[in-house]
Amino acid sequence: METRDDLFLNRAPTARRPLLGLTVLVVEDSRFASEAIRLMCLRSGARLRRADSLENARRHLAIYRPTVLLVDVGLPDGSGLSLIRSATETAPRIDVVLGMSGEDFSGDVLAAGANGFIAKPVQSLSAFQAAILQHLPVNRQPPSPRSVTDETIQPDLIAYRDDLNHIARVLDDTNADSTLDYVTQFLGGVAKSAQDHDLDAAVAHLRKLRRAGDNPDAGVVALSQLVQTRIAAGGPL
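Residues numbered from 1 in each chain as written. Predicted model: local features only at pLDDT ≥ 70, side-chain atom pairs only at ≥ 80, totals over all residues. Heavy atoms only, no water.

### Re the overall build of the protein chain
Consideration 1: Looking only at helices and strands, the protein chain has 10 helices and 7 strands in total.
Consideration 2: Here the protein chain has a C-alpha radius of gyration of 19 Å; the compact-globule value for 237 residues is 18 Å, and the two agree.
Consideration 3: Summarising its shape, the C-alpha atoms of the protein chain cover approximately 60 × 35 × 30 Å along the three principal directions.
Consideration 4: A burial count over the protein chain gives 47% of its 237 residues as buried.
Consideration 5: Long-range contacts, defined as pairs at least 24 residues apart, comprise 65% of the intrachain contacts of the protein chain with a sequence gap of at least 6.
Consideration 6: With an accessible surface of roughly 11600 Å², the protein chain has 50% of that area assigned to carbon and sulfur atoms.
Consideration 7: Of the side-chain charges in the protein chain, 26 are positive and 29 negative, and the distance between the mean point of each set is 7 Å. (Helix = DSSP H or I, 4+ residues; strand = E, 2+ residues; numbered from the N terminus. Rg over C-alpha atoms; globule rule 2.2 N^0.38 Å. Buried < 20%, exposed > 50% of the residue type's maximum accessible area, 1.4 Å probe, protein only. Contact = heavy atoms within 4.5 Å. Areas by Shrake-Rupley, 256 points an atom, 1.4 Å probe, with all protein chains shown as cover. Lys, Arg positive; Asp, Glu negative; His and termini not counted. Charge placed at Lys NZ, Arg CZ, Asp CG, Glu CD.)

### Considerations on helix 8 (residues 177-193)
Consideration 1: Spanning 17 residues, helix 8 covers 24 Å between terminal C-alpha atoms, matching the ideal 24 Å at 1.5 Å per step.
Consideration 2: Counting buried residues in helix 8 gives 12 out of 17 residues, a clear majority hidden from the surface.
Consideration 3: Among the residues of helix 8, those classed as buried are Thr179, Leu180, Tyr182, Val183, Thr184, Phe186, Leu187, Gly188, Gly189, Val190, Ala191 and Ser193.
Consideration 4: Looking at the buried side of helix 8, the elements it contacts are helix 2 (31-44), strand 4 (74-75), helix 7 (157-173), helix 9 (197-211) and helix 10 (217-233).
Consideration 5: Where helix 8 ends, the next residue or the one after it, Gln195, has phi of about 55 degrees, a positive value. (Expected span 1.5 Å × (residues − 1).)

### With respect to the packing of helix 2 against helix 7
The description of two helices packed together rests on the angle between their axes and the distance between the axes.
Consideration 1: In the contact formed by helix 2 and helix 7, the axes pass within 7 Å of each other and the chain directions differ by 150 degrees. Relative to helix 7, the element helix 2 is oriented roughly antiparallel. Along its contact with helix 2, which presents Arg31, Phe32 and Glu35, the element helix 7 presents Leu157, Ala159, Tyr160, Asp162 and Asp163.
Consideration 2: Its residues assigned to classes, the contact of helix 2 with helix 7 shows 4 nonpolar, no polar and 4 charged. (Axes fitted to C-alpha atoms, helices over the stretch in contact; angles between N-to-C directions. Parallel < 35°, antiparallel > 145°, perpendicular 65-115°, else oblique. Nonpolar A, V, L, I, M, F, W, Y, C, P; charged D, E, K, R; others polar.)

### Thoughts on the environment of Gly234
Consideration 1: Locating Gly234 in the fold gives a position in the segment after helix 10.
Consideration 2: If we ignore the near neighbours within four places in the chain, the residues touching Gly234 are Leu157 and Arg161.

### Considerations on the nonpolar core
Consideration 1: Grouped together as the largest cluster of nonpolar side chains are 25 residues, with contacts concentrated most on Ile167, Leu187, Leu199, Leu223 and Val227.
Consideration 2: When near neighbours in sequence (up to four residues on either side) are disregarded, Leu223 contacts Val183, Leu187, Leu199, Ala202, Val203 and Leu206.
Consideration 3: By size, the runner-up hydrophobic cluster in this structure holds 24 residues, among which are Cys41, Val68, Leu98 and Leu136. (Core = buried A, V, L, I, M, F, W, Y, C linked by side-chain atoms within 4.5 Å.)

### Some details on unusual backbone geometry
Consideration 1: With an omega of -5 degrees, the peptide bond between Ala91 and Pro92 qualifies as cis.
Consideration 2: Looking at where Pro92 falls in the secondary structure, it is placed in the loop between helix 4 (80-89) and strand 6 (96-101).
Consideration 3: Cis rather than trans, the peptide bond between Lys120 and Pro121 has omega equal to 10 degrees.
Consideration 4: With respect to the helices, strands and loops of the structure, Pro121 is situated in the loop between strand 7 (116-119) and helix 6 (125-133).
Consideration 5: Look at Gln195: it is not a glycine, yet its phi comes out positive at around 55 degrees.
Consideration 6: With respect to the helices, strands and loops of the structure, Gln195 is situated in the loop between helix 8 and helix 9.
Consideration 7: A residue is classified by how much of its surface remains accessible, and Gln195, at 47% relative accessible area, is partly exposed.

### Thoughts on the environment of Arg38
Consideration 1: The topology assignment puts Arg38 in helix 2.
Consideration 2: Separated by 12 residues in the primary sequence, Arg38 and Arg50 have C-alpha atoms spaced 9.0 Å apart.

### As for the pattern of salt bridges
Consideration 1: The final tally for this structure, using the stated rule, is 12 salt bridges.
Consideration 2: One salt bridge in this structure joins Asp95 and Arg65, with 3.7 Å as the shortest N-O distance. Linking Asp95 in the loop between helix 4 and strand 6 with Arg65 in the loop between helix 3 (54-63) and strand 3 (68-72), this pair joins segments that are 30 residues apart in sequence.
Consideration 3: Residue classification places Arg65 among the partly exposed positions, given a relative accessible area of 44%.
Consideration 4: Ionic pairing is found between Arg230 and Asp196, a salt bridge with its closest N-O pair at 2.7 Å. One end of the pair, Arg230, is in helix 10; the other, Asp196, is in the loop between helix 8 and helix 9, and 34 residues separate them in sequence.
Consideration 5: Bridged by salt links that share partners, the residues Glu28, Asp72 and Lys120 form one connected network. (Salt bridge = Lys/Arg side-chain N within 4 Å of Asp/Glu carboxyl O.)

Everything listed here is a matter of coordinates, which is why it stays silent on function.
Right under this line is the structure:
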């Protein structure tokens, strides 16, 4: 007897919903970025699951094999590159494995075995679909011509505020180098996704201080204050 999942996976893609029948596991700790991907999958016909850490992703993959694996490089419990390596070395291999980041880690992602790299922010629906479709076999492609749209996705700012609250708690907990690595990578991607130029500049300033070997405390304080201002305002000003 076929289950609902069997019926979904057997559905053929269409020109309007080119990812119909695909299952996507996104490994992403940003709620804002995850919401953008959720909306893109919804528009494209794909079914989505999310893991917010390496640990949760491995739990998913122990019982579930997606068609597409999207992995953010910077995760709270380690680098997404390690997950990409293990996923691409496991048989049977997941059909499409893509790395994502707001920084240019394309070389590292490809060296880890991924099919490709998606630069954040992920906003263009057509570009998102193309990044997946170009690595699928012919029998999983939609009929030609595919419907191409210039639609962009704008997630709800509630998800952005959730990300800011998360990073505020992280900043309150410690200023260790490893924590600041995570903070700058996380907030850099979130700021670009939300087009929050002031926050992006504050992240860049903190990175500059640390790379120069200067005391980062002033940069951390300025960044923390800006995050709190954004939380109070409910989003970018």
